[in-house]
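# Coordinate inspection notes
The chain contents come next:
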Number of protein chains: 4
Amino acid sequence: MSTRKKLTLFNDPIYGFITIPSPLIFELIEHSYFQRLRRITQMGMSYIVFPGAHHTRFHHAIGCMYLMQKAVQVLRFKDISILPEEEEALYAAILLHDIGHGPFSHALEHSIVDGVHHEDISLLFMQELNTNFNDRLTLAIQIFSDKYHKKFLHQLVSGQLDMDRLDYLRRDSFYTGVSEGNINTERLITMLNVHEDTLVVESKGIYSVEKFIVARRLMYWSVYLHKTSLVAEQMLLNLLKRAKELYLKGIEIKASPSLLYFFDNPNKAFDGEALKMFARLDDYDIIQAVKLWCDHDDIVINRLSNMIIDRSLLKIKIREKPFKSSTLQKKRAKVMKHFGISEEEAAYFVINGAISNQAYSTEKENINMLSKSGKLVDVAKASDQLNIEALSNLVSKHYLCYPKGKHY
Amino acid sequence: MSTRKKLTLFNDPIYGFITIPSPLIFELIEHSYFQRLRRITQMGMSYIVFPGAHHTRFHHAIGCMYLMQKAVQVLRFKDISILPEEEEALYAAILLHDIGHGPFSHALEHSIVDGVHHEDISLLFMQELNTNFNDRLTLAIQIFSDKYHKKFLHQLVSGQLDMDRLDYLRRDSFYTGVSEGNINTERLITMLNVHEDTLVVESKGIYSVEKFIVARRLMYWSVYLHKTSLVAEQMLLNLLKRAKELYLKGIEIKASPSLLYFFDNPNKAFDGEALKMFARLDDYDIIQAVKLWCDHDDIVINRLSNMIIDRSLLKIKIREKPFKSSTLQKKRAKVMKHFGISEEEAAYFVINGAISNQAYSTEKENINMLSKSGKLVDVAKASDQLNIEALSNLVSKHYLCYPKGKHY
Amino acid sequence: MSTRKKLTLFNDPIYGFITIPSPLIFELIEHSYFQRLRRITQMGMSYIVFPGAHHTRFHHAIGCMYLMQKAVQVLRFKDISILPEEEEALYAAILLHDIGHGPFSHALEHSIVDGVHHEDISLLFMQELNTNFNDRLTLAIQIFSDKYHKKFLHQLVSGQLDMDRLDYLRRDSFYTGVSEGNINTERLITMLNVHEDTLVVESKGIYSVEKFIVARRLMYWSVYLHKTSLVAEQMLLNLLKRAKELYLKGIEIKASPSLLYFFDNPNKAFDGEALKMFARLDDYDIIQAVKLWCDHDDIVINRLSNMIIDRSLLKIKIREKPFKSSTLQKKRAKVMKHFGISEEEAAYFVINGAISNQAYSTEKENINMLSKSGKLVDVAKASDQLNIEALSNLVSKHYLCYPKGKHY
Amino acid sequence: MSTRKKLTLFNDPIYGFITIPSPLIFELIEHSYFQRLRRITQMGMSYIVFPGAHHTRFHHAIGCMYLMQKAVQVLRFKDISILPEEEEALYAAILLHDIGHGPFSHALEHSIVDGVHHEDISLLFMQELNTNFNDRLTLAIQIFSDKYHKKFLHQLVSGQLDMDRLDYLRRDSFYTGVSEGNINTERLITMLNVHEDTLVVESKGIYSVEKFIVARRLMYWSVYLHKTSLVAEQMLLNLLKRAKELYLKGIEIKASPSLLYFFDNPNKAFDGEALKMFARLDDYDIIQAVKLWCDHDDIVINRLSNMIIDRSLLKIKIREKPFKSSTLQKKRAKVMKHFGISEEEAAYFVINGAISNQAYSTEKENINMLSKSGKLVDVAKASDQLNIEALSNLVSKHYLCYPKGKHY
């Protein structure tokens, strides 16, 4: 078909040229639902610390699809059967796996739409698209929802070593310039195999898997949970909370219709109408609202908006032990006194919480290594030396944000 | 002073770590005028073709400052005197050289603010900042405006081989993934020298300069003037023109106060008030307005907005000869008939124009090579073989954009 | 077949993993004739200037084969027919195209074996291997010798844009660290097509081709003809000439049997015996001989050997005009007096010659661009601006090498 | 001084341009002892697996010097006092730290010169050079030998995070193409500090240090101890052992005078004469000897030489448990029978041994982290999760090499 013959290509600074594998995939990429991802930043507000990190969910999804092409090639070479229709379904599934992400990706998840995980919204979008595309996405949806009989196909889309993780670690490391987070996606994919319908890594890949886990840990603590983007995101969350609160009290809040829709319907089921409004919502609604709010009368909205826009962030402290409530009270009292506001209002400027990460989480499943004798072994057992079990402990840290000198 | 001792760093995917050289520079970067550049994309709408190209003017300015540090180091090593205050002024000047850029950088220049070049606005911002910073920017402004007695300092900020060009060619090549545009900034800087107060390249650098000129030419035709971003930008320009037109006729146009301010004051002098409003204007005002206009009643605004947001662009043809007016008329007639609109309205969908580029322009000045015998030679003469004079011809091409099948 | 299933891979710092496409190719790589290329440096003595440039003909040949795999993939995608047996023949031909290179590649060509071009020796090796491999290389040999009816296959192996050039420019640029020489092999290959049995570049590739020509020019003058490696190679040539001369006069010269064989048989036809001896000859024979000669009684051999080993090279001057014979005589007279040697001997230390390069040579053929209207145009005509015809002029320079202070 | 003003540069594919910091350093690099390192490969026979890994000790030493320049810059920025004479001594010490390496670096250590560590030979060379350079290396030698009162200077040259390790991990990762071994040298150096005369890493560098340790572990098991280079090196060791044995029995063994000197003097003290002979010994003596031995009458020498030159290596098995002596006997019996040789001779073809590595060895010292409260903590304690203590266990594996099908 002629669309293919044109050899439609994306230029990717990481992988070089990316080819679009089929007309269906081409049409999915052209769809406005997918184009929306161009306006959703991959790493929330991390660009506030890493000025190169303005890459989008759109680019990430295209990158995942590229890696999936490589994975299919490698597995077929190893005589793993993947039918042509399964192949296309894999591409569609990985392309759309993040289509349900809202503004600033994870940063604002559960704030604008409460209680609905982005993967559930992705599924709703996929079902909607399936209707538009005459059921050509049915198999993709089955694989995405883990309802297809070949389990390893789902694992390529969502699992310990799925194409999503392989792309985002590499891409985020690339665009932030934190090169230690870099992983060798090509090598990891080359070592993939399937054993008893389970995606496995061949035994000689043990050091690459170890490296992958340690790189992921580094990216979490040094990048994703970096204290400066953490404080910026917490401020934005508090700002949106305040704006919604005042809006529901009847105070005028300027914002786009789609954002106001979600302010208005905090606990409504996520139906077709919600999906349509969500499809219009992206980073621009949020930032533009924050810019408008810089002149708002409410001191909380006004100050937080200006602080975010001018990057004049609250001070943040991180430590292993929780902060005492007396510390919080003291900070809040100072804010109350300075701004002449209530304790409830002061709480928007003194933010307290915890972050945590497991470098190797086995909640869903293990990373399975295929030993030379043909047995499956959890990577935590396969590593002769690196104590991966220790890496599966949950590490938590506590933070406290509050105004510093220049904010008064 | 303690700010320096903290070794404040930026992570740059291209150069690695970038150090902030002095407290003044630190404060300039922290200023809200400079922070605004985080919300202005470096390459206009090029990301529509090159999905990695979301880098900002902020990042570019920081990169220029880094290259300036290298240039100062190299020139001092060659015994060229640069005083400490001149050094800091160079950093301030290059950091602020683009601070007057409006939304989408060059793409919308001369549309929102007509008749004022971005460099003039940069100068206004610098003068405003100079007041805030107690005249600590006076020398930077002199160098920027070429009013300082050491001419080569100005050439480092704005000239044939200034740090601006060296950074943007490399950075744009990096983020688009068009690696042929890449230049070896390090080598070019290493070969800089000063002769009779003129910035020169040492003779052995001739091949690097040739390569620089050819890379620049390639970037213009393959990237900056790429037909797909060209059509997107022309559509955006037409959309803004239409919106302003209707707004001035009294029809309701939703947009941010800052954008409406410039709709309202098309021919006003660019005074202090304009500067304040301009300082609030960035890509987000534009894109968010376009999103709101997707529901507008006017068919021109409505269709162009939806086309831009959904990336369903007009078809574009490029060729060496101008298009005939009869061709245009035919295209317009088709649009008039299909949408049932006037010829004037149809003209918004049938766009005609020309693009041109000189790979090596000597308008301002030459690239001066320093021959071994100590004479200055224009690079167009120094190259033994590459016909650089031919490269200084102006090449022009003509384009025509119009709706295709799916738009009807 | 099981050899393939093992997914035998090479790690290439440039391309990532390289897969061996078939058992025949695997066996060719394993053959001792091909393994010899591991001991032949790609860039002669360039490592004396660029300490990273120790890469070998072996690695280059493997890289060419990788690019050929990409080219086959792209052309087939564009519906150009390449039969499976033609595909394998292409891999064999490009893999073996340099198998006839002797020690230090081009640097010593025509000195050890006079009057025989390395491509002729490659052909002899291929014919010898064809006998060993039961005629499985017949088609590869036809393509290599341009005797196959599909001409474009030969052009992929040897032509203006063959895989050889694409790999060596990129590889040499990478290992020397001269990043301006870098070319985007992936983009160039993506733009290849076949028109009337001729390998062409699609019209939009014009800027990449221009860039390729300018990069090649830069690599010649800045790297391949770098004055320091030039002088080193000239000294080595003179040393070998002197050694052979004395050897033929009966003076004892220590060297490996294979090197002495070629000293002994300067004008013999290159027969089967010569091929066997040649197959044992590599950089190690040369360097080890030079090391042994550091203690030789003959002052010419002694001094040149020590100078080369200790990198205490002659001084070299390069200029556009030839040097006068009186200049040479003066230099020689000084050497004669200082070392107390004859004029003939002194001539070994005062070396005079010329180098030349054409950035775009059409001797063999043109670079053909495929215009949108389907016509073939020579790139020199297709470029709207870059004067490629000027680039096809032959540029020559003259050099003079002689001892400086520390050699006396 | 004018040497500096010339801005002598090396092109490094990894770091870009490397500047030579002083005339003394320039002269050291020019010295024939240092130039010899151009003929010693950094990674022994690893190029047999990783065809890009032909980089030399010369290049590594230059790279270390570059990193040392960066380290001095960072530490001085943090107000750590390093006097100009200490700075130059650091550069000299790191430049010469590997000057005592013999052919194939670690691969043949303890075989050609028994019982003398390469660092001891480096010291002898430095003392010899110190005499030539009028005691200008005295301070460098003190730092190198850890006899200078500022201990942290020695740690920069030889310690857990010395410039040697930082360069070799990065360089070996680069040239092999095993990108997972890559470390961010720039970030690690940026986080260095000195506390109580001890080189420390600032606490926020913990994830980079973890990553460094895991990358080092990966490089050991995947690259340095790769089974194919292991077998090649064991074969070479056995071949040299056999050659020496026969030579001492009076059988003719062709080899360079310097190699024969060390065959002749197996247990002699390493005196001035030995140093002179050692200074002439490099990879070329070894490979050229092996090539000559391909025609030797002794079957052990003959076969091993041909196997090495043609890369027709013994089969190798690696496992965690030692191999039984009965397994060895069976393999040897087969070899004895096939070749008609004695058990003693057969032992040269059936090679058994163990390899081991500690990812984090605290034998010499710890990696010291500087906590925020200003205390020194061993990294094994500082890491909240990664079990670095586990990484300090010694991991051992056993190997067995023997002829396979094609060798019979």
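Structural data are supplied above this passage.
Residues numbered from 1 in each chain as written. Chains lettered and ligands numbered in written order. Predicted model: local features only at pLDDT ≥ 70, side-chain atom pairs only at ≥ 80, totals over all residues. Heavy atoms only, no water.

Below, the discussion takes up the overall build of chain A. A tally of helices and strands in chain A yields 20 helices and nine strands. Taking 2.2 N^0.38 as the reference for a compact globule, 408 residues should give roughly 22 Å; the C-alpha atoms of chain A span a radius of gyration of 23 Å, in line with that estimate. Referenced to the eigenvectors of the C-alpha coordinate spread, the extents of chain A come out at roughly 70 × 50 × 35 Å. Within chain A, the fraction of its 408 residues that count as buried is 66%. A fraction of 71% describes how many contacts in chain A between residues 6 or more apart in sequence connect residues 24 or more apart. In chain A, 51 positive and 48 negative side-chain charges are present, and the distance between their average locations comes to 8 Å. (Helix = DSSP H or I, 4+ residues; strand = E, 2+ residues; numbered from the N terminus. Rg over C-alpha atoms; globule rule 2.2 N^0.38 Å. Buried < 20%, exposed > 50% of the residue type's maximum accessible area, 1.4 Å probe, protein only. Contact = heavy atoms within 4.5 Å. Lys, Arg positive; Asp, Glu negative; His and termini not counted. Charge placed at Lys NZ, Arg CZ, Asp CG, Glu CD.)

Superposition record for chain A on chain B: RMSD 0.0 Å, screw rotation 180 degrees, translation along axis 0.0 Å. On the angle and the small slide along the axis, the relation comes out as a two-fold axis. Of all interface residues in chain A, 100% are interface residues in chain B too; the two copies therefore contact each other through one and the same surface. (Least-squares fit on C-alpha atoms with pLDDT ≥ 70 in both.)

Residue and element names in this part refer to chain B. In space, the four strands of this open sheet follow the order β3-β4-β7-β8, with mixed pairing throughout. Where the open sheet ends on each side, the last strands, each with one partner, are β3 (192-195) and β8 (376-378). With strand direction ignored, the average angle separating the axes of adjacent strands in the sheet is 50 degrees. For strand β7 (residues 368-370) and β8, the ladder comprises three bridges, and the chain directions are antiparallel. Across the sheet, Asn 368 pairs through a bridge with Asp 378, a residue of β8. (Pairing = 2+ DSSP bridges. Axes fitted to C-alpha atoms, helices over the stretch in contact; angles between N-to-C directions.)

It is worth spelling out the packing of helix α2 (residues 23-30) of chain D against helix α5 (residues 84-96) of chain D at this point. All names here are of chain D. Orientation of α2 relative to α5, taken along the N-to-C sense of each, is 15 degrees, at an axis distance of 10 Å. Classified by the angle their axes make, α2 and α5 are roughly parallel. Pair α2 / α5 crosses with right-handed handedness. Across from Leu 24, Ile 25, Leu 28 and Ile 29 in α2, the residues of α5 making contact are Glu 88, Tyr 91, Ala 92, Leu 95 and Leu 96. Class assignment for the residues of the contact of α2 with α5 results in eight nonpolar, no polar and one charged. (Parallel < 35°, antiparallel > 145°, perpendicular 65-115°, else oblique. Left-handed = near helix turned anticlockwise from the far one by under 90°. Nonpolar A, V, L, I, M, F, W, Y, C, P; charged D, E, K, R; others polar.)

Our focus in this paragraph is the relation of the copies chain C and chain B. When chain C is fitted to chain B, the residual RMSD is 0.0 Å, and the transformation amounts to a turn of 180 degrees plus an axial shift of 0.0 Å. Mapped onto chain B, 100% of the interface residues of chain C are again interface residues, and the two copies thus contact each other with one and the same surface.

Turning to the interface of chain A and chain B, a few remarks are in order. The interface of chain A with chain B comprises 39 residues on the first partner and 39 residues on the second. Looking at the side of chain A facing chain B, the largest losses of area belong to Arg38(A), Pro51(A) and Tyr284(A), adding up to 18% of the total buried there. Counting the contacts that link chain A with chain B gives six salt bridges. Its salt-bridge partner being Arg280(A), residue Asp295(B) comes within 2.8 Å of it at the nearest N-O pair. For the pair chain A and chain B, the number of links is 20 residue pairs in polar contact (both at pLDDT 80 or more). (Buried area = accessible area lost by both parts, 1.4 Å probe. Salt bridge = Lys/Arg side-chain N within 4 Å of Asp/Glu carboxyl O. Polar contact = N/O pair within 3.5 Å; in protein donor to acceptor, adjacent residues only side chain to side chain.)

Taken together, the contact pairs 26 residues of chain C with 26 residues of chain B. Buried area between chain C and chain B, summed over both chains or domains, comes out near 2,600 Å², and the portion from carbon and sulfur atoms is 49%. Linking chain C with chain B are two salt bridges. The tally of links between chain C and chain B comes to six residue pairs in polar contact (both at pLDDT 80 or more). Broken down by secondary-structure element, the contributors of at least two residues to the side of chain C that touches chain B are α11 (206-224), α20 (388-391) and β9 (395-402) of chain C. No other element matches the nine residues that α11(C) contributes to the side of chain C that touches chain B. Its residues assigned to classes, the side of chain C that touches chain B shows 10 nonpolar, nine polar and seven charged.

Looking now at the packing of helix α15 (residues 283-293) of chain A against helix α15 (residues 283-293) of chain B. Close contact between α15(A) and α15(B) brings their axes to 9 Å; oriented N to C, the two are set at 120 degrees. Between α15(A) and α15(B) the crossing geometry is left-handed. Across the interface between the two elements, Asp283(A), Tyr284(A), Asp285(A), Ile287(A), Gln288(A) and Lys291(A) from α15(A) touch Asp283(B), Tyr284(B), Asp285(B), Ile287(B), Gln288(B) and Lys291(B) from α15(B). Counted by class, the contact of α15(A) with α15(B) contains four nonpolar, two polar and six charged residues.

Residues other than glycine seldom take positive phi values, yet Phe104(B) does so here, at roughly 55 degrees. When you line up the elements, Phe104(B) lands in the loop between α5 (84-96) and α6 (118-132). Phi at Asp135(D) takes a positive value of approximately 65 degrees, unusual for a residue other than glycine. Structurally, Asp135(D) is set in the loop between α6 (118-132) and α7 (138-144).

On to the sheet that holds strand β7 (residues 368-370) of chain C, then. The strands making up a sheet associate through backbone hydrogen bonding, with each pair oriented either parallel or antiparallel. All names here are of chain C. The four strands are arranged β3-β4-β7-β8 in an open sheet whose pairing can be described as mixed. Each edge of the sheet is formed by a strand with only one pairing partner; in this case those strands are β3 (192-195) and β8 (376-378). Strand-to-strand twist in this sheet, taken as the mean axis angle between neighbours without regard to direction, amounts to 50 degrees. Here β3 pairs with strand β4 (residues 198-202) via four bridges, running antiparallel. Residue pairing in the sheet places His 195 in a bridge with Thr 198 of β4.

Taking 1.5 Å of rise per residue, 22 residues should cover 32 Å, and helix α12 (residues 227-248) of chain B covers 31 Å from first to last C-alpha, within 8% of that figure. For α12(B), a buried count of 17 out of 22 residues is recorded, marking the element as mostly surrounded by other parts of the structure. (Expected span 1.5 Å × (residues − 1).)

Further remarks concern the pattern of salt bridges. One pass over the full model with this rule turns up 68 salt bridges over all chains. A salt bridge links Glu87(B) to Arg76(B), with the nearest nitrogen and oxygen atoms 3.0 Å apart. On the criterion of sequence distance, the pair formed by Glu87(B) in helix α5 and Arg76(B) in helix α4 (residues 57-77) is long-range, its members being 11 residues apart. Residue Arg76(B) is classed as partly exposed on the basis of its relative accessible area of 32%. Overlapping salt bridges, with partners in common, bring together Arg39(A), Asp282(A), Asp285(A) and Lys291(B) in one network.

Let us now look at the pairing of strand β2 (residues 16-19) of chain B. Residues and elements named next belong to chain B. By the bridge criterion, four bridges tie strand β1 (residues 9-12) to β2 in an arrangement that is antiparallel. Bridge pairing in β2 places Leu 9 opposite Thr 19. Taking the residues that link successive antiparallel strands as the turn, the β1-β2 hairpin has three residues.

Right, let's talk about the side chain of Asp167(C) for a bit. All names here are of chain C. Counting through the fold element by element, Asp 167 comes out in helix α9 (residues 163-176). Owing to a relative accessible area of 0%, Asp 167 belongs among the buried residues under this scheme. Beyond its immediate sequence surroundings of up to four residues, Asp 167 is in contact with Tyr 15, His 60, Gly 63, Cys 64 and Leu 67.

Residue and element names in this part refer to chain A. When you line up the elements, His 118 lands in helix α6 (residues 118-132). With 21 residues separating them along the chain, His 118 and His 97 place their C-alpha atoms 9.2 Å apart. Here His 118 is in contact with His 97, Asp 98, Gly 100, His 101, His 106 and Glu 109, once residues within four sequence places are set aside.

Attention now goes to the packing of aromatic side chains. Under the criterion given, the structure shown has 66 aromatic pairs over all chains. Pairwise contacts between aromatic rings join Tyr33(A), Phe125(A), Tyr261(A), Phe262(A), Phe270(A) and Phe278(A) into one cluster. The ring of Phe58(C) carries the charged tip of Arg38(C) above its face, separated from the ring centre by 4.0 Å. Above the ring of Trp221(C), the side-chain terminus of Lys397(C) is found at 4.2 Å from the ring centroid. (Phe/Tyr/Trp six-rings, centres within 6.5 Å; stacked < 30°, edge-to-face > 60°. Lys NZ or Arg CZ within 6 Å of the ring centre and 35° of its normal.)

A few words now on a positive patch on the surface. There is a patch of like positive charges on the surface, built from Lys204(A), Lys372(A), Lys227(D), Lys315(D), Lys317(D), Arg319(D), Lys321(D), Lys324(D), Lys330(D) and Lys404(D). The biggest single contributor to the positive patch is strand β5 (residues 315-319) of chain D, with three residues. Topologically, Lys324(D) is positioned in the loop between β5 and α17 (325-339). (Patch = residues over 30% accessible without salt bridge, like charges linked within 9 Å, V, L, I, M, F, W, Y side chains within 5 Å. Areas by Shrake-Rupley, 256 points an atom, 1.4 Å probe, with all protein chains shown as cover.)

With that out of the way, let us pick up helix α4 (residues 57-77) of chain C. All names here are of chain C. Here α4 contains 21 residues, and its C-alpha end-to-end distance of 30 Å stays within 8% of the 30 Å for a straight helix at 1.5 Å per residue. α4 sits mainly inside the fold: 18 of its 21 residues count as buried. Positive phi appears at Asp 79, one or two residues downstream of α4, with a value of about 65 degrees.

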